[in-house]
Amino acid sequence: MTDSIIELCTEINDRDKNGIRASFRGPLEDAPSAASTSIANGLSQQLIHQLQLILPNVFTSFDDLNVDLLDAAYPYVQTAAKQGLQRAIQDRGAKMLVNSCYRTIAQQMLLYIDRHNNSNPVAPPGASNHQTGLAIDIEDARGWEPYLMRYGWNPLPGDPPHFDFQGGGTTDIRSKSILAFQQLWNKNNPNNKIGEDGAFGPQTEGALNQSPAHGFAKAPWDDKPRVLKLTQPRMEGSDVERLQDTLKKAGINIAVDGEFGPGTDKAVKEFQQKKSLTADGIVGPNTRAVM
């Protein structure tokens with residue numbers, strides 16, 4: 001699976017090494033130019049969760065593998081692709097440094113807008129391989145190549161860090177990535193709805209540009225809670241803020257900033273210890289039930 005545009009991932013991924021964590025507090029179109037795509041963390045995490053609601057058991061995290069991630073790299077691929085990735089990492093017996101993998105259409109829009117200020121080719125939102133859940137950009141690409149190719153991950157000619165999974169058991173989810181945004185927009189804008197057709201047209205582009213980079217007021221985890229834990233990139237959003245507020249009311253010293261950082265991880269473990277739960281820092285059904 002390839003694009004008509006070969007995105008120069010080496011140059012694009014350099015933009016995500018700024019160490020920026022918190023989202024920009026404003027519409028996506030007003031976000032600072034040439035900044036890390038981390039400035040859309042809040043919106044991106046909502047889009048990922050919405051996509052998982054659309055495609056349960058198809059789109060999954062690989063942060064449990066032996067990998068290290070850049071600040072803005074979301075460790076999500078399709079299930080079959082994860083299996084191949086896991087086998088490659090096990091065979092080599094080394095940690096993989098991942099520069100980019102799944103890229104939300106909010107992140108892609110930031111890159112696409114910035115292409116007018118530089119010479120980097122960037123696919124429009126919804127058209128990039130990085131919206132398929134079948135693409136990764138990595139360090140030491142040539143060292144990893146024989147291991148990845150053994151399990152269905154093939155290098156993309158002309159784009160040295162980039163690999164696409166071309167094994168079986170997958171589907172093109174790019175239209176679903178757009179649909180996830182359209183559904184989220186309509187949920188938050190009932191009087192200004194857009195078509196839910198999975199196509200990136202002018203109406204969807206305009207809505208995306210007007211969307212809050214830190215995420216919508218009505219989030220997908222309001223309907224189905226996500227498991228909260230310390231991750232890379234860090235989780236942020238209304239559910240994290242509610243968690244922090246609950247911990248604070250339970251007498252635990254914690255800042256209520258909506259970002260699940262090391263301080264929140266420590267506070268969750270303290271709460272779990274007090275309640276005789278497994279102190280793993282993971283807020284899943286058991287911890288949430290006690291709260």
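Conventions used here
- Residues numbered from 1 in each chain as written.
- Predicted model: local features only at pLDDT ≥ 70, side-chain atom pairs only at ≥ 80, totals over all residues.
- Heavy atoms only, no water.
- Phe/Tyr/Trp six-rings, centres within 6.5 Å; stacked < 30°, edge-to-face > 60°.
- Lys NZ or Arg CZ within 6 Å of the ring centre and 35° of its normal.
- Axes fitted to C-alpha atoms, helices over the stretch in contact; angles between N-to-C directions.
- Helix = DSSP H or I, 4+ residues; strand = E, 2+ residues; numbered from the N terminus.
- Parallel < 35°, antiparallel > 145°, perpendicular 65-115°, else oblique.
- Left-handed = near helix turned anticlockwise from the far one by under 90°.
- Contact = heavy atoms within 4.5 Å.
- pLDDT = per-residue confidence, 0-100.
- Nonpolar A, V, L, I, M, F, W, Y, C, P; charged D, E, K, R; others polar.
- Buried < 20%, exposed > 50% of the residue type's maximum accessible area, 1.4 Å probe, protein only.
- Pairing = 2+ DSSP bridges.
- Salt bridge = Lys/Arg side-chain N within 4 Å of Asp/Glu carboxyl O.
- Core = buried A, V, L, I, M, F, W, Y, C linked by side-chain atoms within 4.5 Å.

*Asks:* Would you explain the packing of aromatic side chains in this entry?
*Replies:* Taken as a whole and judged by the stated rule, the model has 6 aromatic pairs. By the ring-pair criterion, three or more aromatic residues cluster together here, those being Phe59, Tyr76 and Tyr102. The aromatic ring of Trp221 is capped on one face by Arg226, whose charged end is 3.8 Å from the ring centroid.

*Asks:* What am I meant to see in the packing of helix α3 (residues 79–92) against helix α5 (residues 141–149) here?
*Replies:* Working note: a packed helix pair is described by the angle between its axes plus the distance between those axes. At a closest axis distance of 8 Å, the pairing of α3 and α5 adopts a crossing angle of 120°. Here α5 runs oblique to α3, going by the angle between their axes. By crossing handedness, the relation of α3 to α5 is classed as right-handed. Residues Leu85, Ala88, Ile89, Asp91 and Arg92 of α3 lie in contact with α5, whose contacting residues are Gly143, Trp144, Tyr147 and Leu148.

*Asks:* What exactly am I supposed to notice about the confidence of the model for the protein chain here?
*Replies:* For the protein chain, per-residue confidence averages 89 on the pLDDT scale, and 89% of positions sit at 70 or higher. Predicted confidence for residues 13–20 stays below pLDDT 50, and this span has 27 contacts to residues more than four positions away or in other chains.

*Asks:* For this particular structure, what's the right way to read the packing of helix α4 (residues 105–114) against helix α7 (residues 202–210)?
*Replies:* Here α4 crosses α7 at 95°, and the two axes come no closer than 11 Å. Classified by the angle their axes make, α4 and α7 are roughly perpendicular. Residues Ile105, Ala106, Met109 and Ile113 of α4 lie in contact with α7, whose contacting residues are Glu205, Leu208 and Asn209. A class-by-class count of the residues in the contact of α4 with α7 yields 5 nonpolar, 1 polar and 1 charged.

*Asks:* How should I be thinking about the environment of Tyr147 in this particular structure?
*Replies:* Structurally, Tyr147 can be placed in helix α5. On the accessibility criterion, Tyr147 (24% relative accessible area) is partly exposed. Once residues within four sequence positions are removed from consideration, Tyr147 is found in contact with Ala88, Asp91 and Arg92.

*Asks:* Please clarify how the environment of Trp144 should be interpreted in this entry.
*Replies:* Relative to the helices and strands, Trp144 resides in helix α5. For Trp144, a relative accessible area of 2% puts it in the buried group. Separated by 50 residues in sequence, Trp144 and Ala94 have C-alpha atoms that sit 9.6 Å apart. Setting aside residues up to four positions removed in sequence, Trp144 forms contacts with Ala88, Ile89, Arg92, Ala94, Lys95, Met96, Ile138 and Glu139.

*Asks:* Help me understand the sheet that holds strand β7 (residues 162–165), please; the structure alone is not making it clear to me.
*Replies:* One open sheet accounts for 5 strands, arranged β2-β4-β5-β7-β6; its pairing is mixed. Strands with a single pairing partner mark the edges of an open sheet, and in this sheet they are β2 (67–69) and β6 (153–155). Ignoring which end each strand starts from, the neighbouring axes of this sheet average 40° apart. Here 3 bridges tie β2 to strand β4 (residues 96–100), and the two strands are oriented parallel to one another. Within β4, the position partnered with Val67 by the bridge is Met96.

*Asks:* I'm lost on the pattern of salt bridges in this one. Help?
*Replies:* Going through the model one piece at a time under the given rule, you end up with 13 salt bridges. We note a salt bridge from Glu259 to Arg234, for which the minimum N-O separation is 2.8 Å. With Glu259 in the loop between α8 (238–249) and α9 (262–274) and Arg234 in the loop between α7 and α8, this pair connects stretches of sequence that are 25 residues apart. Since its relative accessible area comes to 22%, Arg234 is described here as partly exposed. Across the pair Lys274 and Glu270 runs a salt bridge, and its minimum N-O distance is 3.5 Å. You can see Lys274 and its partner Glu270 sitting in helix α9, 4 residues apart, about one turn around the helix.

*Asks:* Any chance you could explain the nonpolar core here in plain terms?
*Replies:* Nonpolar side chains tend toward joint burial in soluble globular proteins. Ranked by size, the top nonpolar core spans 23 residues in total, and within it Phe62, Leu85, Met96, Ile136, Ile138, Leu148 and Trp153 carry the most contacts. Among the secondary structure elements, those contributing two or more residues to this core are β2, α3, β4, β5 (135–138), α5 and β7. Of all the elements, α3 adds the most residues to this core, at 5 residues. Residues Ile39, Leu43, Leu47 and Ala213 belong to the second largest nonpolar core, which totals 19 residues.

*Asks:* Is there a simple way to think about the pairing of β5 in this case?
*Replies:* Consecutive side chains along a regular strand alternate between the two faces of the sheet. Neither face of β5 is exposed, since Ala135 and Asp137 on one face and Ile136 and Ile138 on the opposite face are all buried. Here β4 pairs with β5 via 2 bridges, running antiparallel. Following the sheet pairing, Val98 is matched in β5 by Ile138. Pairing analysis gives 3 bridges linking β5 to β7, with the strands arranged antiparallel. Following the sheet pairing, Ile136 is matched in β7 by Phe163.

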